[in-house]
Amino acid sequence: MIKPQSQKLILVVSGLALCAMLALAGAHAQSGGAAPASSAPKLAEEQFKNIQVFKGVPADQVIPAMQFMAASLGVECEFCHVRGDRGLVFDKDDKKEKVTARKMVQMELAINKENFDGHLAVTCNSCHNGSEQPSNTPSVIAKVTEKPANTKATLPPADQLLDKYLTAVGGADALQKVSSRVEKGAIKSAGQPDAPIEVFAKAPDKRISVTHLQQGESITAFDGHSGWTGFGGRARPMSAADNEMAHMDADLSFPAHVKSMYQKFVTQPGEPINGHETYVVVGRSEGRQPLRLYFDQQSGLLLRLVRFLDTPIGRNPTQIDYADYREVNGVKVPFRWTISRPGNSFTIQIDQAQQNVPVDDAKFAQPPPSAAPAAH
C-alpha cells in the first residue's frame, strides 16, 4: 500500500492530469481492481459508489468538483470523508459535513438554474471564499483610504504584445527550426524530497514528462492527438478538457501559434510578478474558458499563464509562472516553471536542455492497459 505522504507526492507531480490520476485511484479503490478500458466516457454513478447529486455527470469531472469545493472552503478531503484502514473511504456518509455539502451543491445548482439560466454565477467560493464557515457580516474597516483618481493609462494593443512576445523568444523562423527538445531537471514540492524529471517534446505537438519517484514513474503525455497519464504500470486517457491544456503545453511553437488559438484578444492592466511590471492579454472564444497571459512590460517575455477547467459547480484555475529564461539554439526557453492549482503547487527546475535531437514517436504513445508505460 502506498503511504499517504508518498501518494500526495504522486498526485502533486501528475501535472496536467492530476484529476485523471485521482479518478483512476478512486475507481481502483472502489472497484477492487483496475478500471476496464473503454472508449465511451463513464458517468459518475458508473465509476464511483454512492453518487447522488452528480448523477449523469461525466466521471472525470467528479474529482475536479471535489477539488473546487476543498479550495473554496480551505479544507482537505478528510473534512467530509472518513479514513479507513486503507485510506479514505469516499462512499461512506458518516460525516455530517458530507451530507451538508450535498445540500449546498443542490442549493447552488437550484439558485443558478432559477436565477442565472443555469450559468455558474453562484458557487461555493461566492460565500466561503477559502473559509469553512461563510461570512454573513461585513468586516469593520479600520482605516478609510482615499480612492485614487481615475488615471487609466492607454494600454498597448493585444496584437502588439503577442508580436513582442514572439520576437522576445527568438522569432517565428527560429521556432520553426526546433524539431525537438529534451530537458532534464528536478521537480520540487513543499515538504517533499526533490524528484528527477525528464521532459521530451517533438514537433508537431508531442510531449511527455516522466517524474522518477521511489514508487515508480509518474507520466503525463500528449501524443499529438490525445493525452494520457501513467503511474505504477497503469495508463489512462485524459479528459477532453485536460487534452486541450496538454495540447497547448506540447506546442513547441506556442508563441507563434497563440494568436490563432482564440477568436479575440484584449489587453488589461497587469500586476507585478517577481518585481516585473506586466500587461495581461486575455484570449476569448465562444463556449471556452478564457486564457490569461501576463507579459513582462520590458522584455515582452511570458511570465504567467492562467487557464481554467470547468467543473459541475465552478471552475478550477491553473496558474503557470515562467522564469529563468535561457537561450537554446537561438530560442529563449524558461528553465523554471511553477504550476499552481487549488490545493497544490510544485516547481520544475531544468538543469540541461537540448534541441533537435532524435526522439522516437513511440515514446509518446499510450501503452496497452496491461503494459507498464515505457519511459526510455
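Residues numbered from 1 in each chain as written. Predicted model: local features only at pLDDT ≥ 70, side-chain atom pairs only at ≥ 80, totals over all residues. Heavy atoms only, no water.

Participant: Report on the packing of aromatic side chains, specifying residues and quantitative values.
Facilitator: Taken as a whole, this structure holds two aromatic pairs when the rule is applied. Taken together, a centroid distance of 5.1 Å and an interplanar angle of 45 degrees make the contact between Tyr165 and Phe295 tilted. Within this pair, whereas Tyr165 is found in helix α7 (residues 158-169), its partner Phe295 is found in strand β11 (residues 291-296), the two being separated by 130 residues in sequence. Each member of the pair, Tyr165 as well as Phe295, is classed as buried. Taking 6.1 Å as the distance between ring centres and 70 degrees as the angle between the ring planes, the aromatic pair formed by Tyr262 and Phe265 counts as edge-to-face. Note that Arg304 overlies the ring of Tyr294, its terminal NZ or CZ placed 5.6 Å from the centroid. Between Lys363 and the ring centre of Phe200, over which it is positioned, the NZ or CZ distance is 4.3 Å. (Phe/Tyr/Trp six-rings, centres within 6.5 Å; stacked < 30°, edge-to-face > 60°. Helix = DSSP H or I, 4+ residues; strand = E, 2+ residues; numbered from the N terminus. Buried < 20%, exposed > 50% of the residue type's maximum accessible area, 1.4 Å probe, protein only. Lys NZ or Arg CZ within 6 Å of the ring centre and 35° of its normal.)

Participant: Account for the nonpolar core, with residues named and values stated.
Facilitator: Counting 41 residues, the largest nonpolar core has Phe254, Leu293, Phe295 and Leu305 as its most contacted members. With seven residues, the single largest contributor to this core is α7. Membership of the second largest hydrophobic core comes to 17 residues, among which are Phe54, Val57, Cys124 and Ile313. (Core = buried A, V, L, I, M, F, W, Y, C linked by side-chain atoms within 4.5 Å.)

Participant: Give me the lowdown on α7, citing residues and values where you can.
Facilitator: Over its twelve residues, α7 runs 17 Å from end to end, which matches the ideal 16 Å to within 8%, given 1.5 Å per residue. Those residues of α7 that fall on the buried side of the exposure criterion are Ala158, Leu161, Leu162, Tyr165, Leu166, Ala168 and Val169. On an axial view of α7, the arc spanned by its buried residues comes to 165 degrees, and they lie on one face. (Expected span 1.5 Å × (residues − 1). Arc of directions from axis to C-beta.)

Participant: Please provide a residue-by-residue account of the pairing of strand β3 (residues 180-188), values included.
Facilitator: Burial within β3 is extensive, with seven of its nine residues counted as buried. Bridge count for β3 against strand β4 (residues 195-202) is eight bridges, and the pairing is antiparallel. Residue pairing for β4: Val182 is matched across the bridge by Phe200. Taking the residues that link successive antiparallel strands as the turn, the β3-β4 hairpin has six residues, and the phi of Gly191 there is positive, at about 80 degrees. As defined by bridge partners, β3 adjoins strand β15 (residues 344-355) across eight bridges and the pair is classed as antiparallel. (Pairing = 2+ DSSP bridges.)

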